[in-house]
Amino acid sequence: MDAAGGAVTGGLIGGALEKPEGKAGEPHSGACTDCDQPVSGNFCANCGQPTHVHRSLLHLGEELLHGVMHFDGRIWRTVPLLVLNPGRLTREWVQGKRSRYVSPLGLFLFTIFLMFFILSFGGGKAFETAAVNERLDVARQTVADAHQDVAKAKTGLAVAERNVAAAKPPQAEAAEEALTEAKSDFDDAIDDLVDASNLVTRLEGLKAAAPRADGLEPGSWQAELHDAAVNDKVTVNMGSDETKKKILKKLANPDLAVYKIQQTLYKFSFLLVPISIPFVALLFLWKRGFTLYDHGVFVLYSLTFMAMMSMAASLIGQISWLSSSVALILMIAAPVHMFAQLKGAYSLPTFSALWRTFFLLIFCAIALALFLTAIILLGLGG
């Protein structure tokens, strides 16, 4: 419910920032119902109010749909351009060609809140851990596979030893190298088998353990984090001593800590914008003609695309056999989109856009680290 409320709130805030597109009904003559000034056309020239005032329940629903989803012609022009030609979209908005597009701030606000709404259903699995029984089944299968690997490595080692014994001087050196490699493979297989066996033993112990008094599942990440926080095995290197105590106290209740961080993430997601703008400005410090407003538009559209990509990845990632492909697409799509947006928005030559994309990726990592630090302090230290 919190995520749904956030999505609607973000849409309404974004909608409030939008200006009328010019489709307010039939042209009207007479006086404005708001300021009583003479009007002729769709809008009052004095206050800007539409001259055709609707009073039907159907239109109320239409206004809600538009306010929450920006469901008009501009969305179908803005989103495809943001995905396929972000540089042109950014450049045209900065140059004042705005009536045909959704504003970067309005689109950003709605998309961010919608992203967290979707991730609250599909993306939350990042915080889930399989039950002990499921992990134990996987570990036992790993042990079985490790036994097969040991058998293969043992066979390969025996073959290598026979080859060394039968090798004549010209082939002796190669046979010795093969034997050394076979011994290494055998040792690695033994180590993997030992690790898998130890994991099975540990999980079997957790399965047989009595239920915890705090209600947490033995062996779960929640239980491990709780124990680490209570036993002072978690090191917090941020904030004052009082803030550190608050963070450790919340970490002792892992589910609450995750909830607090998720809530803080979508409530303060706008902090990414002021954090990112200075880094983009650094890339154009010696180039004239660009203002912080231009960089702000760039950042808003870029962050909007990243949020859209995260939503798509979360939905597609639910299909297990596509998960690896989604990860690969994410790794490629982000820098490609940054390059295209930089090149088109600032009219840069290819090499200039390439090196700026490289540094922008580094700056993104720094900005994300600063943002997450702020989120942890706000969510867990408050």
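This write-up is about the structure you can find in this document. All of these numbers come straight from a predicted model, not from anything done at the bench.

### Topic: the overall build of the chain
Link 1 in the chain: Of regular secondary structure, the chain possesses 14 helices and 2 strands.
Link 2 in the chain: Per-residue burial for the chain yields a buried fraction of 36% across its 382 residues.
Link 3 in the chain: Contacts in the chain between residues at least 24 apart in sequence constitute 66% of all its contacts with a sequence separation of at least 6.
Link 4 in the chain: When the accessible surface of the chain is totalled, it reaches about 22,300 Å², and 62% of it is carbon and sulfur.

### Remarks on a nonpolar patch on the surface
Link 1 in the chain: Taken together, the side chains of Phe-358, Phe-359, Ile-362, Ile-366 and Leu-370 make up a nonpolar region of the molecular surface, amounting to roughly 440 Å² of accessible area.
Link 2 in the chain: With respect to the helices and strands, the residue Phe-359 is situated in helix H14 (residues 350–380).
Link 3 in the chain: We classify Phe-359 as partly exposed; its relative accessible area is 35%.

### Concerning the nonpolar core
Link 1 in the chain: Among the nonpolar cores identified, the biggest contains 50 residues, and Phe-298 and Tyr-346 are the most heavily contacted of them.
Link 2 in the chain: Among the elements of the structure, helix H3 (73–84), helix H4 (86–94), helix H5 (104–119), helix H10 (254–267), helix H11 (272–282), helix H12 (292–316), helix H13 (323–345) and H14 are those that each provide at least two residues to this core.
Link 3 in the chain: Here this core gets 12 residues from one element, more than from any other, and that element is H12.
Link 4 in the chain: Val-150, Ala-160, Phe-186 and Val-200 belong to the second largest nonpolar core, which has 16 residues in total.

### Things to note about the packing of H11 against H14
The angle between the axes and the distance between the axes are what describe a pair of packed helices.
Link 1 in the chain: Packing of H11 against H14 leaves a shortest axis separation of 10 Å and a crossing angle of 150°. The orientation of H11 relative to H14 falls into the category roughly antiparallel. For H11 against H14, the interelement crossing comes out right-handed. Facing Leu-272, Ile-275, Ser-276, Phe-279, Val-280 and Leu-282 of H11, the residues of H14 in contact are Leu-360, Phe-363, Ile-366, Ala-367, Leu-370 and Phe-371.
Link 2 in the chain: Per-class residue counts for the contact of H11 with H14 are 11 nonpolar, 1 polar and no charged.

### Focus on the packing of helix H9 (residues 241–251) against H14
Link 1 in the chain: The contact between H9 and H14 brings their axes to 9 Å, and the two run at 80°. In terms of orientation, H9 and H14 fall into the roughly perpendicular class. Residues Thr-243, Lys-246, Ile-247, Lys-250 and Leu-251 of H9 touch H14, and the partners they reach there are Ile-376, Leu-377, Gly-379 and Leu-380.
Link 2 in the chain: Residues that form the contact of H9 with H14 fall into these classes: 5 nonpolar, 2 polar and 2 charged.

### Quick word on a negative patch on the surface
Link 1 in the chain: The grouping of Asp-145, Asp-149, Glu-181, Asp-185, Asp-187, Asp-188, Asp-191, Asp-192 and Asp-195 at the surface amounts to a negative patch.
Link 2 in the chain: At the level of secondary structure, the elements contributing two or more residues to the negative patch comprise helix H6 (132–166) and helix H7 (169–208).
Link 3 in the chain: For the negative patch, the leading source of residues is H7, giving 7 residues.
Link 4 in the chain: Considering the arrangement of structural elements, one finds Asp-188 in helix H7.
Link 5 in the chain: Exposure remark for Asp-188: the relative accessible area of 41% places this residue in the partly exposed category.

### Structural notes on H14
Link 1 in the chain: Here H14 is 31 residues long and its end C-alpha atoms lie 44 Å apart, about the 45 Å a rise of 1.5 Å per residue gives.
Link 2 in the chain: When H14 is considered as a whole, its buried residues turn out to be Ser-352, Ala-353, Arg-356, Thr-357, Leu-360, Phe-363, Ala-367, Phe-371, Ile-375, Gly-379 and Leu-380.

### As for the pattern of salt bridges
Link 1 in the chain: In this structure the tally under the stated criterion is 1 salt bridge.
Link 2 in the chain: Salt-bridge contacts for Arg-88 lead to Glu-92; the nearest nitrogen and oxygen are separated by 3.1 Å. Note that Arg-88 and Glu-92 are positioned in helix H4 at a spacing of 4 residues, about one turn of the helix.

### With respect to the side chain of Glu-92
Link 1 in the chain: Classification of Glu-92 as buried rests on a relative accessible area of 9%.
Link 2 in the chain: Excluding residues within four positions of it along the chain, Glu-92 makes contact with Lys-97, Arg-100 and Tyr-101.

### A closer look at the environment of Asp-36
Link 1 in the chain: Tracing the backbone shows Asp-36 in the loop between strand S1 (28–31) and strand S2 (38–41).
Link 2 in the chain: A residue is classified by how much of its surface remains accessible, and Asp-36, at 59% relative accessible area, is exposed.
Link 3 in the chain: Each C-alpha atom, one on Asp-36 and one on Asn-46, is 9.4 Å from the other, the two residues being 10 residues apart in sequence.

### Examining the packing of aromatic side chains
Link 1 in the chain: Within the structure shown, the criterion is met by 9 aromatic pairs.
Link 2 in the chain: With a centroid separation of 6.0 Å and an interplanar angle of 10°, the aromatic rings of Trp-286 and Trp-355 are classed as stacked. Of this pair, Trp-286 sits in the loop between H11 and H12 while Trp-355 sits in helix H14, and the two are 69 residues apart along the sequence.
Link 3 in the chain: Between Phe-290 and Tyr-346, the aromatic rings sit 4.9 Å apart at their centres with planes inclined by 85°, giving edge-to-face as the arrangement. One end of the pair, Phe-290, is in the loop between H11 and H12; the other, Tyr-346, is in the loop between H13 and H14, with 56 residues separating them in the sequence.
Link 4 in the chain: Pairwise contacts between aromatic rings join Phe-284, Phe-290, Phe-298 and Tyr-346 into one cluster.

### Topic: unusual backbone geometry
Link 1 in the chain: In this structure, Ser-347 takes a positive phi of about 50° despite not being glycine.
Link 2 in the chain: Relative to the helices and strands, Ser-347 is located in the loop between H13 and H14.
Link 3 in the chain: Residue classification places Ser-347 among the exposed residues on the basis of a relative accessible area of 56%.

Procedures and definitions
Residues numbered from 1 in each chain as written. Predicted model: local features only at pLDDT ≥ 70, side-chain atom pairs only at ≥ 80, totals over all residues. Heavy atoms only, no water. Helix = DSSP H or I, 4+ residues; strand = E, 2+ residues; numbered from the N terminus. Buried < 20%, exposed > 50% of the residue type's maximum accessible area, 1.4 Å probe, protein only. Contact = heavy atoms within 4.5 Å. Areas by Shrake-Rupley, 256 points an atom, 1.4 Å probe, with all protein chains shown as cover. Patch = residues over 30% accessible without salt bridge, like charges linked within 9 Å, V, L, I, M, F, W, Y side chains within 5 Å. Salt bridge = Lys/Arg side-chain N within 4 Å of Asp/Glu carboxyl O. Core = buried A, V, L, I, M, F, W, Y, C linked by side-chain atoms within 4.5 Å. Axes fitted to C-alpha atoms, helices over the stretch in contact; angles between N-to-C directions. Parallel < 35°, antiparallel > 145°, perpendicular 65-115°, else oblique. Left-handed = near helix turned anticlockwise from the far one by under 90°. Nonpolar A, V, L, I, M, F, W, Y, C, P; charged D, E, K, R; others polar. Lys, Arg positive; Asp, Glu negative; His and termini not counted. Charge placed at Lys NZ, Arg CZ, Asp CG, Glu CD. Expected span 1.5 Å × (residues − 1). Phe/Tyr/Trp six-rings, centres within 6.5 Å; stacked < 30°, edge-to-face > 60°.

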